[in-house]
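The residues making up each chain are set out below.
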Amino acid sequence: MNKPPETSSEASMQQWQKAAAKSAPGGRVEDLNWLTPDGITVKPLYTAQDVEKLAHANTLPGFPPYVRGPQATMYAVRPWTIRQYAGFSTAQESNAFYRQALAAGGQGVSVAFDLATHRGYDSDHPRVTGDVGKAGVAIDSVEDMKILFDQIPLDKVSVSMTMNGAVLPVLAGYIVAAQEQGVQLDQLSGTIQNDILKEFMVRNTYIYPPEPSMRIIGDIIAYTAENMPKFNSISISGYHMQEAGANQALELAFTLADGKEYVKTAMSKGLDVDAFAGRLSFFWAIGMNFYLEIAKMRAARMLWCKIMQSFGAQNPKSWMLRTHCQTSGWSLTEQDPYNNIVRTTVEAMAAVFGGTQSLHTNSFDEAIALPTEFSARIARNTQLIIQEETHITKVIDPWAGSYMMEKLTQDMADEAWKIIEEVEAMGGMTKAVDSGWAKLKIEAAAADKQARIDSGQDVIVGVNKYKLKTEDVVQSRDIDNMKVREGQIQQLQSIKAKRDTGKVQSALDALTQAAKDQTGNLLALSVEAIRLRATVGEVSDALEKVFGRHRADTQKVSGVYAAAYDAGNNEGDTMAYWDKLKSDIAAFAQAQGRRPRVMIAKLGQDGHDRGAKVVATAFADLGFDVDMGPLFQTPEECARQAIENDVHAVGVSTLAAGHKTLVPAIIAELKKQGADDIIVFVGGVIPRQDYDFLYACGVKGIYGPGTPIPVSARGVLTHIEQALVAS
């Protein structure tokens, strides 16, 4: 009979290493280690020795540093709040969706606004013809806001609003709608995102430059601290950073660094830190990196407690990091989309194990189009099943005491803290953002991730492995944005005809003067303007007269995408495809006297530029000449730049459902300006049922989510060659 292993940890570990080495590649246990994208080494086995020096490993939930959760009983008494982030078309349509969701088990309302509203434009503005009502609900005035919350008691239902650029008129509209519903300010509960720094890094729905934007945030924190004690004045968001390509350590570090900057801004207004810190909240993305996501959330609470104590906060509520989470939208695939139900479930479990206070689960069809009622019900029921059927809620922080999780929590905290210290050395997050450094760090991570997927190093089931031979068509929601826009314009005309124009103008002038003189509270003044029926666009314009409208630099990283191929960790056929494509591009340049030249464009108000930047990086690494169009171009501006730059092709990146309006418009503009020899290709979130429409309009290639970039590059090169032959 075999002797049992010796009990001493050192002797036992030696025995395990010998046994494991027999199965390990090359006979080395070290080869079983996993180096995460964050630079953290994850071992296949952890023991008590890994946690013996960790101070947080023996803490309890509800007590500093809150690693195990901000509340003593967590879900054992009250589970997380189920939220479904939604908004589309008109306020009437969205209101019906919210009421149905609340009746079916939803516990709060999370509002998605359309891109015209985000960017401070009314629906009748000529720059937003393709954006109204498409990726969220159109809000032009308090009348829309009142319809949005019709029969939803705002003294009982908490409301989360994802709004940053036009935060003043939108929050003011919510306040006035509630008051006209008979609700007092101190009864309102919920959250306004109000996180402008991350907009300059990733999402790009900003309006004003960083400095005046930070003033707006300070005024909102001050107003809500005085008048709305149950309302969260800011949701410091890492979600969009991860969606734009940041790994978990970057997301954690940049988000907490943003939080530090907002605290400094509020304190600079003379506010006591304990007067507002308890109403700050956070927002994380939860992706498919299961262990790291749980560790990230536990580390976040530990680091935020440390940060707030460094500000001199005395109230324990000021030390607590409370958070909302949303499952990843980027991890959803167009190919074999029912796999997304499983992905969302895994991500929801990570959010719950990490200790979230509220959660949104994405619908399986969101890589294709706006969710349908069918897909939204599955997403909502995913949370209900976890809450009601699994008994997960019976145990507080079940991962506590895990050798692996406790060590990974510390490793994640250490890695993030290094980045936070780097940011502080630059002078804080505003300077790190303004310099473009933070954005480039995220874009480099995005390019690296996409290259690992395209080269097969990272497996995505149904996309680069276990692919279906044929794909079923999934029914998707389609919004007639021209119809929505026409209705919004009629409503705007009606409001302007009935209001007291003189009083409205006086209120808008007061806003402009306060912006110029650095006096007054901009939210309080916006509330008065909105109450008089000023529109979202008018309030935004009143401030733009003083603040101006921010214009971002278009930079791109280089060499990062190619590095994943050059590292030689790819399957032979993948590497051969890459090498042959580079050779063919070089041959094109030799034959034509110049390299194939493409312009990557974002049309309308869609600021989600992860895909555009990654494609631009990869095409450049392959040997294309690549021009990046500035964000928020009109089709006319895009066509003019393409002609001036003498490009062979324009690639339109679209994630906000405006492709049926904006893509035909750019093709028509190229023809109008005498350049219909420039081909147009499209990538992004496009339902398959729209492909024939786009091809009929003249699009040469459509590359949906999950298309390997070398495949799209090959297609573009072929179309350019065909166009040259035809001409």
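Residues numbered from 1 in each chain as written. Predicted model: local features only at pLDDT ≥ 70, side-chain atom pairs only at ≥ 80, totals over all residues. Heavy atoms only, no water.

1. A look at the packing of helix α17 (residues 437-454) against helix α24 (residues 610-622)
No. 1: Put simply, α17 and α24 touch, their axes get as near as 9 Å, and they point 70° apart. Viewed along their axes, α17 and α24 adopt a mutual orientation that is roughly perpendicular. You can see that α17 and α24 cross each other, and the crossing is right-handed. Facing Lys439, Glu443, Ala446, Ala447, Lys449 and Gln450 of α17, the residues of α24 in contact are Arg610, Lys613, Val614 and Thr617.
No. 2: Among the residues making up the contact of α17 with α24, the classes are represented as 3 nonpolar, 2 polar and 5 charged. (Axes fitted to C-alpha atoms, helices over the stretch in contact; angles between N-to-C directions. Helix = DSSP H or I, 4+ residues; strand = E, 2+ residues; numbered from the N terminus. Parallel < 35°, antiparallel > 145°, perpendicular 65-115°, else oblique. Left-handed = near helix turned anticlockwise from the far one by under 90°. Contact = heavy atoms within 4.5 Å. Nonpolar A, V, L, I, M, F, W, Y, C, P; charged D, E, K, R; others polar.)

2. Focus on helix α14 (residues 373-389)
No. 1: For α14, spanning 17 residues, the distance from its first C-alpha to its last is 23 Å, which sits close to the expected 24 Å at 1.5 Å a residue.
No. 2: Taken residue by residue, α14 has Ser375, Ala376, Ala379, Arg380, Thr382, Gln383, Leu384, Ile386 and Gln387 as its buried positions.
No. 3: After α14 finishes, the residue His391 shows a positive phi value of roughly 65°. (Expected span 1.5 Å × (residues − 1). Buried < 20%, exposed > 50% of the residue type's maximum accessible area, 1.4 Å probe, protein only.)

3. Brief notes about the sheet that holds strand β12 (residues 597-601)
No. 1: Pairing in this open sheet of 5 strands is parallel, and the strands run β13-β12-β14-β15-β16 from one edge to the other. Two strands close off the open sheet at either side, each with one partner strand: β13 (625-628) and β16 (701-703). Across the sheet, the mean angle separating the axes of adjacent strands is 20° when strand polarity is ignored.
No. 2: Relative to strand β14 (residues 649-654), β12 runs parallel, the two sharing 4 bridges. Each residue of the ladder has a partner; that of Ala601, found in β14, is Val652. (Pairing = 2+ DSSP bridges.)

4. Some points on α17
Residues spaced three or four apart along an α-helix face the same direction, because each turn holds 3.6 residues.
No. 1: For α17, built from 18 residues, the straight-helix expectation of 26 Å at 1.5 Å per residue is met to within 8% by its first-to-last C-alpha distance of 26 Å.
No. 2: Most of α17 is tucked away, with 13 of its 18 residues classed as buried.
No. 3: Looking one or two places after α17, you find Gly456, whose phi comes out positive at around 85°.

5. Here we look at the nonpolar core
No. 1: Among the nonpolar cores identified, the biggest contains 87 residues, and Phe254, Leu256, Trp284 and Met429 are the most heavily contacted of them.
No. 2: The biggest single contributor to this core is helix α11 (residues 290-310), with 12 residues.
No. 3: Listed in part, the 58 residues of the second largest apolar core include Ala91, Val142, Leu508 and Leu523. (Core = buried A, V, L, I, M, F, W, Y, C linked by side-chain atoms within 4.5 Å.)

6. Overview of the environment of Ile420
No. 1: Relative to the elements of secondary structure, Ile420 occurs in helix α15 (residues 403-426).
No. 2: The exposure class of Ile420 is buried, given its relative accessible area of 1%.
No. 3: Counting along the chain gives 104 residues from Ile420 to Ala524, while the straight-line C-alpha distance between them is 34 Å.
No. 4: Those residues in contact with Ile420 that lie beyond four places of it in its chain are Ala253, Leu256 and Lys260.

7. Comments concerning the pattern of salt bridges
No. 1: What the rule picks out here adds up to 40 salt bridges.
No. 2: Across the salt bridge formed by Lys296 and Glu293, the nearest N and O atoms sit 2.6 Å from each other. Here Glu293 and Lys296 lie together in helix α11, a separation of 3 residues that amounts to about one turn. In this structure, Lys296 and Glu293 share a single accessibility class: buried.
No. 3: Across the salt bridge formed by Glu443 and Lys439, the nearest N and O atoms sit 3.7 Å from each other. Here Glu443 pairs with Lys439, and both are found in helix α17, just 4 residues apart, close to one helical turn.
No. 4: Through salt bridges with shared partners, one network takes in Arg68, Arg298, Asp397 and Glu406. (Salt bridge = Lys/Arg side-chain N within 4 Å of Asp/Glu carboxyl O.)

8. What about unusual backbone geometry?
No. 1: A cis geometry characterises the amide bond from Pro64 onward to Pro65, with omega recorded as 5°.
No. 2: Tracing the backbone shows Pro65 in the loop between β2 (41-42) and β3 (81-86).
No. 3: Phi angles above zero are rare outside glycine, and Arg533 is one such case at about 80°.
No. 4: Following the sequence through the fold, Arg533 ends up in the loop between α20 (522-531) and α21 (536-547).

9. What to know about the packing of aromatic side chains
No. 1: Tallied over the entire structure, the rule returns 21 aromatic pairs.
No. 2: Judged by centre distance (6.0 Å) and plane angle (85°), the rings of Tyr206 and Phe632 are edge-to-face. Of this pair, Tyr206 sits in the loop between α6 (196-203) and α7 (210-227) while Phe632 sits in the loop between β13 and α25 (635-644), placing them 426 residues apart in sequence. Neither Tyr206 nor Phe632 differs from the other in exposure class; each is buried.
No. 3: Ring plane angle 5° and centroid distance 4.9 Å describe the contact between Tyr239 and Phe283, whose orientation is recorded as stacked. Note that Tyr239 is positioned in helix α8 (residues 239-243) and Phe283 in strand β9 (residues 280-286), a separation of 44 residues in sequence.
No. 4: The class for Phe283 is buried, based on a relative accessible area of 5%.
No. 5: Among the aromatic residues, those joined into a ring-pair cluster are Phe290, Tyr291, Phe353 and Trp399.
No. 6: When the ring centre of Tyr46 is taken as origin, the NZ or CZ atom of Lys43, which lies over that ring, is 5.1 Å away.
No. 7: If you follow Lys660 out to its NZ or CZ, it ends over the ring of Phe693, 5.4 Å from the centre. (Phe/Tyr/Trp six-rings, centres within 6.5 Å; stacked < 30°, edge-to-face > 60°. Lys NZ or Arg CZ within 6 Å of the ring centre and 35° of its normal.)

10. Quick word on the packing of helix α5 (residues 167-180) against α20
No. 1: Contact geometry for α5 and α20: axes closest at 8 Å, N-to-C directions at 60°. By the criterion of interaxial angle, the relationship of α5 to α20 is oblique. The two elements α5 and α20 cross, and the hand of that crossing is right-handed. Along the contact surface, α5 presents Leu168, Pro169, Leu171, Ala172, Gly173, Ile175, Val176, Gln179 and Glu180, while α20 presents Leu522, Leu523, Ser526, Val527, Ile530 and Arg531.
No. 2: Looking at the contact of α5 with α20, its residues break down into 10 nonpolar, 3 polar and 2 charged.

11. Some points on the environment of Ala285
No. 1: Structurally, Ala285 can be placed in strand β9.
No. 2: For Ala285, a relative accessible area of 0% corresponds to the buried category.
No. 3: When near neighbours in sequence (up to four residues on either side) are disregarded, Ala285 contacts Tyr239, Gln242, Glu251, Glu293, Lys296 and Gln326.

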